[in-house]
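Tertiary structure, described
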Amino acid sequence: MSNLETTSAEFACAAAPADGIEVLHPREVPLGGPRAMRVRRTLPQRERSLIGAWCFVDHYGPHDIARAGGMDVPPHPHTGLQTVTWLFDGRVEHRDSGGVHAQLRPGELNLMTAGTGICHSEVSVDADAAPVLHGVQLWVALPDSARHTGRAFHHYAPEPVPLTGATALVFLGELAGHHSPVPHFTPLLGAQIDMHPRSELALEIDPAFEHGVLCDRGAVALGEAEVHIGEVGYQGPGRTVLTLTNTGDSPARVLLLGGTPFDGELVMWWNFIGRSHDEIAEYRRLWQDGDDRFGAVSGYRGRLDRLPAPPLPPVRLRPRRAGGG
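Quantities reported herein were computed from a predicted structural model and do not represent experimental measurements.

**As for unusual backbone geometry**
For the bond from Leu 43 to Pro 44, the omega torsion is -5°, close enough to zero to count as cis. Take Pro 44: it is sitting in the loop between strand 4 (38-43) and strand 5 (54-64). A positive phi angle is found at Arg 198, which is not glycine, with a value near 55°. Given the relative accessible area of 55%, Arg 198 is considered exposed. Unlike most non-glycine residues, Trp 270 shows phi in positive territory, near 55°. Structurally, Trp 270 can be placed in the loop between strand 26 (266-269) and strand 27 (272-274). For Trp 270, a relative accessible area of 2% translates into the label buried.

Okay, here's the thing in structure tokens:
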């Protein structure tokens, strides 16, 4: 998914140690077009810009495609990151300049590695069979050792893992003794957890990890902190247990994201991740010039051939303090 804000802010991201639990509140962002689908964005923000290497969290839907239109994101570029698409409902057609054409479905991980440069498009499809679009788009920042790697795409459909009062789908990393085979470049965890009504879940976790809990459905608490739909509860490293509670009489669903605090600063602007203003400016120039660094998407039939980059801000992109702005 693209960041379609026309006045895109820069984020020079760095992890910050935090032993307590925080609740990150989302802001609504339009996904472009006259009938723009709106998404709830919780990362990055000034209060906190990373959770492990997770640096971007968009949560959208349930969205009635037939009534309000769906997702139609023209070819757009990425550098220095992996995109993770995870759907709860609906279908999305993915095309990228690595030659991948895939149908993204609920409960299946789709991970695209941008590395040195890629472009892709995303379009919701099958409105008759899947009229509701609902899911998340996540970005993972690549470390220095991997940020110039080649293009890649991985698909994985995890099997349900039974837990006490819950079920998990572990799509990245390891949880409750279950491991995802999908490769990544820093220690990570990604899992959907569906909780029974009035249930409490104590998960054994790696104390080196920080964790984020995105509430998608229900009434959820992380420790003693209430996390409402679209919010992310944050728990810093140093703990061996993460406690989730469904305080309601209906099922709840969360996305659990974790990883070791990211080592180093990032400059994130629009759809690019780099290390400096000059690097970002060069990525933008190459994209605008149609450089082969990003390749081309074949088969997209939409409103634009490719998405133009917004203007750079009138000041140099500069690092922000650890943890946020």
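**Looking at the sheet that holds strand 2 (residues 21-24)**
Spatial strand order, 2-23-20-25-18-15-14: seven strands in an open sheet with antiparallel pairing. Strands with a single pairing partner mark the edges of an open sheet, and in this sheet they are strand 2 and strand 14 (161-163). When the angles between neighbouring strand axes are averaged without regard to direction, this sheet yields 25°. Direction of pairing for strand 15 (residues 166-172) relative to strand 18 (residues 188-195): antiparallel, over a ladder of six bridges. Paired with Thr 167 across the two strands is Asp 194, which belongs to strand 18.

**Some details on helix 2 (residues 277-288)**
A rise of 1.5 Å per residue sets the reference length of helix 2, with its twelve residues, at 16 Å; its end C-alpha atoms lie 17 Å apart and thus fit the reference within 8%. Elements that come into contact with the buried residues of helix 2 comprise strand 6 (72-78), strand 11 (118-124), strand 26 and strand 27.

**Section: the pattern of salt bridges**
A side chain with one charge can pair with a side chain of the opposite charge if their charged atoms come near. In this structure the tally under the stated criterion is 13 salt bridges. Between Arg 285 and Asp 289 there is a salt bridge, with the nearest N and O atoms lying 3.0 Å from each other. When its relative accessible area of 54% is taken as the criterion, Asp 289 is described as exposed.

**Considerations on the confidence of the model for the protein**
With 90% of its residues at a pLDDT of 70 or more, the protein has an overall mean of 91. Segment residues 11-19: pLDDT under 50, and 41 contacts once partners within four positions in sequence are set aside and those in other chains are kept.

**Points about the sheet that holds strand 22 (residues 225-227)**
Pairing is antiparallel across the open sheet formed by four strands, whose spatial order is 19-24-21-22. The outermost strands of the open sheet, each flanked by one partner alone, are strand 19 (200-204) and strand 22. Ignoring which end each strand starts from, the neighbouring axes of this sheet average 30° apart. Bridge analysis of strand 19 against strand 24 (residues 241-246) gives five bridges, and the strand direction is antiparallel. Its bridge partner lying in strand 24, Leu 203 is registered against Leu 242.

**Let's talk about the nonpolar core**
Membership of the largest hydrophobic core comes to 38 residues, with the highest contact counts inside it found for Trp 54, Val 84, Leu 109 and Leu 172. Of all the secondary structure elements, the ones that give two or more residues to this core are strand 5, strand 7 (81-89), strand 10 (109-113), strand 12 (132-141), strand 15, strand 23 (232-235), strand 25 (252-259) and strand 26. Among the elements that take part in this core, strand 12 stands out by supplying five residues, more than any other. Among the nonpolar cores identified, the runner-up in size contains 24 residues, and Ala 166, Ala 191, Leu 222 and Leu 244 belong to it.

**Some points on the UniProt feature "domain: Pirin C-terminal" (unreviewed entry) in the protein**
Cross-referencing UniProt, the feature "domain: Pirin C-terminal" (unreviewed entry) maps to residues 192-290 in the present numbering. Secondary structure across residues 192-290 comprises 12% helix and 48% strand; the distance between its end C-alpha atoms is 38 Å.

**A word on the environment of His 277**
Locating His 277 in the fold gives a position in helix 2. The sequence separation of His 277 and Arg 46 amounts to 231 residues, and the corresponding C-alpha distance is 18 Å. What His 277 contacts, discounting residues up to four positions off in sequence, is Val 315, Arg 316 and Leu 317. In this structure the side chain of His 277 is engaged in a polar contact, spanning 2.8 Å, whose partner is the backbone nitrogen of Leu 317.

Each value, and the rule that gives it
Residues numbered from 1 in each chain as written. Predicted model: local features only at pLDDT ≥ 70, side-chain atom pairs only at ≥ 80, totals over all residues. Heavy atoms only, no water. Helix = DSSP H or I, 4+ residues; strand = E, 2+ residues; numbered from the N terminus. Buried < 20%, exposed > 50% of the residue type's maximum accessible area, 1.4 Å probe, protein only. Pairing = 2+ DSSP bridges. Axes fitted to C-alpha atoms, helices over the stretch in contact; angles between N-to-C directions. Expected span 1.5 Å × (residues − 1). Contact = heavy atoms within 4.5 Å. Salt bridge = Lys/Arg side-chain N within 4 Å of Asp/Glu carboxyl O. pLDDT = per-residue confidence, 0-100. Core = buried A, V, L, I, M, F, W, Y, C linked by side-chain atoms within 4.5 Å. UniProt positions renumbered as here; feature names shortened; annotations may be inferred. Polar contact = N/O pair within 3.5 Å; in protein donor to acceptor, adjacent residues only side chain to side chain.

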